[in-house]
Amino acid sequence: MPSISRDEVAHLAKLARLAVTEDELDLFAGQLDVILQSVATVGDIATADIPPTSHAVPLTNVFREDVVRPSLGQQQALSGAPEAEDGRFRVPRILGEEA
Amino acid sequence: MTNDLIHTTAAELAAKIHSGEVSSVEVTQAHLDRIAETDGKVRAFLHVDAEGALAQARKVDDAVLAGKAVSPLAGVPLALKDVMTTEGVPTTVGSKILEGWLPPYDATVTRKLKEAGVVILGKTNMDEFAMGSSTENSAYGPTHNPWDLERIPGGSGGGSSAALAALQAPLAIGTDTGGSIRQPGAVTGTVGVKPTYGGVSRYGLVAFSSSLDQAGPCARTVLDAALLHEVIAGYDHMDSTSINAPVPPVVAAAREGLTGDLSGLRVGVVTQFAGEGYQQGVLRSFQAAVSQLKELGAEVADVSCPSFDYALPAYYLIAPSECSSNLARFDAMRYGLRVGDDGTRSTEEVMSLTREAGFGPEVKRRIMIGTYALSSGYYDAYYGSAQKVRTLITQDFAKAFENFDVLISPTTPTTAFKIGERTNDPMAMYQADLCTIPANLAGTPAMSVPSGLSDEDGLPVGLQIMAPALQDHRMYRVAAAYEAARGAFGGPSL
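Everything numeric here is computed off the predicted structure, so don't read it as measured data.

Visitor: Would you take a moment to explain the overall build of chain A for this structure?
Guide: When helices and strands are tallied, chain A shows three helices and two strands. N-terminal to C-terminal, the α/β element order of chain A is α-α-α-β-β. Its C-alpha atoms give chain A a radius of gyration of 22 Å, clearly above 13 Å, the size a compact globule of 99 residues would have. The burial tally for chain A puts 20% of its 99 residues in the buried class.

Rendered as structure tokens:
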């Protein structure tokens, strides 16, 4: 089995938007390696002829009548916001040096 | 009087409240007092809502006094897992990222409980985002098992089950993604039920792994669990995976089971769940339960489900994959924690710093495992293969149910382990869910009912009963019959 390197864990953390520390990288690299090697055993019985199951219940899209129903008001929707301004969510700058 | 009330079952409390023998306020206050007296040691609750509970109790008492019809569990107190949103009442999911959040809406389960007059005492502790088997992953510290305060109460719903065992509430709500209702039930000597997937609405249940998450009832008796099951179950248009079918008649089945006759019932013992890693006292308790089922008239035989050996690895790919996607919503923008926003940092930097500060180690591990399993180049070998194993497990269940009405196994391989014993070894921790995971992957109902105490350590053991999809009532009948035959096994002293 391929083992997972410290650099790969750093890349995963970046993809997952987790600003992990150097110490965490050391810890997680070892643990993720053990976990991934263990769960890779699914490959032992998962042969090409078996269809995958993504969900226990067969899913079809659910539609409803297009009618107005009560929903959260603006104040309620903003009630948990870290910062709000003029009835909107206030966010940090979204365009940076990379833009 | 107070002491009697906390020992009384939910069914009996409801009868007393509805006949006017005792008020819901008295019953509620007795449980609030018990929480005040014992929760410093147990730490089952993250938030106690005494005011809200007593207000609801008064409403039920007024209705009873006015001679109005009330629903079967009206006035009975309940402990609600902190994974369910409660309007205006803190909902943290055991995570720092939602500390102080007051949801603007009720989960469907919360709404149904309120409409049924059930008294919500407060919110119970859990592993962060329901990821864990011990509640040690709660950002607010672990819950302690009332049977031995140095041991874990199971997880992720350890708070709900500990509250039941500590007589802090006669009813509780849990959620079960890989065993988070059943395993805590087993190690605390209480009843825990994972209904058929889609049987109880997920609306307002903070998502971990959406194809597996299922809310269900927890109680100290099978009948109480059945009564609660019927309150929370049913189709909900707010959950696209909700099953549009009648609720299985679980209360009638539990009452039928109490007559104690299981003649002709075919029970399959899953042979995969024994052997290495299983505690001898757990296996002996299980064998005693098998003997009792036979005495009740059941025909018991072994059944092999070979793919179940691969359920644990499949689960630890599917659940992290779904969680890595679900937890992307915690972006520090719309609700919850935000750190590092000093005016110089970008949204993406603030997002990464917030998630780093707000999530605990197990959540980070699972998000990264999921990110890895879903990434191109690894998808087929990991997530794709896990989905195929899911197919095999569903097929093994279907084959077994051709010959058996229910399947049984121990709920968990060992009794409650010591707090701290497995925290540094994720794979050892994951073993606690060995027997419970297959039912989540197949979407079938399963429950844990106490099979007494292990003869080697005096700690509770759980018997797991599994049934085909939408046949939840079948396992209630078996569990109620077994429970009556088993008799009382004592309780923890606190």
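Additional details are given in the paragraphs that follow.
Visitor: Where do I start with the pairing of strand 7 (residues 266–270) of chain B in this structure?
Guide: Consecutive side chains along a regular strand alternate between the two faces of the sheet. All names here are of chain B. In the sheet, strand 7 pairs with strand 8 (residues 299–303) via five bridges, with the strands oriented parallel. In the sheet register, Val-267 faces strand 8, and the bridge partner there is Val-300. Traced from strand 7 through helix 10 (residues 280–295) to strand 8, the parallel crossover comes out right-handed.

Visitor: What is the right way to read the packing of helix 2 (residues 22–39) of chain A against helix 13 (residues 361–374) of chain B from this model?
Guide: For any two helices packed against each other, one specifies the inter-axial angle together with the distance between the axes. For the pair helix 2 of chain A and helix 13 of chain B, the least separation of the axes is 11 Å and the interaxial angle reads 55°. Taken together, the axis directions place helix 2 of chain A and helix 13 of chain B in an arrangement best described as oblique. Between helix 2 of chain A and helix 13 of chain B lies a crossing whose hand is right-handed. Across from Phe-28, Gln-31, Leu-32, Ile-35 and Leu-36 of chain A in helix 2 of chain A, the residues of helix 13 of chain B making contact are Arg-365, Met-368, Ile-369 and Tyr-372 of chain B. Of the residues contributing to the contact of helix 2 of chain A with helix 13 of chain B, the split by class is seven nonpolar, one polar and one charged.

Visitor: Please clarify how the interface of chain A and chain B should be interpreted in this entry.
Guide: Size of an interface, as often reported, equals the accessible area lost when the parts are brought together. The interface is formed by 46 residues belonging to chain A together with 57 residues belonging to chain B. Taken together, the elements giving at least two residues each to the side of chain A that touches chain B come down to helix 1 (6–15), helix 2 and helix 3 (74–78) of chain A. Ranked by the residues each element gives to the side of chain A that touches chain B, the list is headed by helix 2 of chain A, at eight residues. In terms of residue class, the side of chain A that touches chain B is built from 32 nonpolar, 11 polar and three charged.

Visitor: Please clarify how the sheet that holds strand 1 (residues 45–48) of chain B should be interpreted in this entry.
Guide: All names here are of chain B. Strands sit in the order 1-3-2-4-6-5-10-11-9-7-8 across an open sheet of 11 strands; the sheet is mixed. Pairing within the sheet leaves two strands with one partner each, and these edge strands are strand 1 and strand 8. For this sheet, the mean inter-axis angle between neighbouring strands, taken without regard to orientation, is 30°. Contacts from helix 17 (residues 472–486) reach strand 9 (406–410), strand 10 (446–453) and strand 11 (460–466) within the one sheet, and its direction differs from that of strand 10 by about 10°.

Visitor: What is the right way to read the nonpolar core from this model?
Guide: Note that soluble globular proteins tend to have their nonpolar side chains buried in a common cluster. All names here are of chain B. Within the largest apolar cluster, 173 residues are counted, with the highest numbers of intra-cluster contacts made by Leu-78 and Ile-465. Sort the elements by how many residues they give to this core and helix 11 (residues 311–326) lands first, with nine residues. When sequence neighbours within four positions are dropped, the list of residues in contact with Leu-78 reads Leu-113, Val-118, Val-119, Ile-120, Leu-121, Ala-169, Leu-171, Ala-172 and Ile-173.

Visitor: Can you help me understand the UniProt feature "active site" (unreviewed entry) in chain B in this one?
Guide: Residues and elements named next belong to chain B. Within this structure's numbering, the places UniProt gives as "active site" (unreviewed entry) are Lys-81, Ser-156 and Ser-180. Across 100 residues, the annotated set stays spatially compact, with a maximum C-alpha separation of 10.9 Å. By secondary structure assignment, the location of Lys-81 is in strand 2 (residues 77–81). Within the secondary structure layout, Ser-180 lies in the loop between strand 4 (171–175) and helix 7 (182–188). A tally of 36 C-beta atoms within 10 Å means that Ser-180 is categorised as buried. When sequence neighbours within four positions are dropped, the list of residues in contact with Ser-180 reads Ala-130, Gly-155, Ser-156, Gly-157, Gly-174 and Thr-175.

Visitor: I would appreciate a short explanation of the environment of Ser-54 of chain A in the present structure.
Guide: Positionally, Ser-54 of chain A belongs in the loop between helix 2 and helix 3. Residue classification places Ser-54 of chain A among the exposed positions, given that 12 C-beta atoms sit within 10 Å. A C-alpha to C-alpha distance of 37 Å links Ser-54 of chain A and Leu-95 of chain A, two positions 41 residues apart in sequence. What Ser-54 of chain A contacts, discounting residues up to four positions off in sequence, is Ser-211 and Gln-387 of chain B.

Procedures and definitions
- Residues numbered from 1 in each chain as written.
- Chains lettered and ligands numbered in written order.
- Predicted model: local features only at pLDDT ≥ 70, side-chain atom pairs only at ≥ 80, totals over all residues.
- Helix = DSSP H or I, 4+ residues; strand = E, 2+ residues; numbered from the N terminus.
- Rg over C-alpha atoms; globule rule 2.2 N^0.38 Å.
- Buried ≥ 20, exposed ≤ 12 C-beta atoms within 10 Å, placed from the backbone.
- Pairing = 2+ DSSP bridges.
- Right-handed = clockwise from strand over helix to strand, strands pointing away.
- Axes fitted to C-alpha atoms, helices over the stretch in contact; angles between N-to-C directions.
- Parallel < 35°, antiparallel > 145°, perpendicular 65-115°, else oblique.
- Left-handed = near helix turned anticlockwise from the far one by under 90°.
- Contact = placed C-beta atoms within 7 Å.
- Nonpolar A, V, L, I, M, F, W, Y, C, P; charged D, E, K, R; others polar.
- Core = buried A, V, L, I, M, F, W, Y, C linked by C-beta atoms within 7 Å.
- UniProt positions renumbered as here; feature names shortened; annotations may be inferred.

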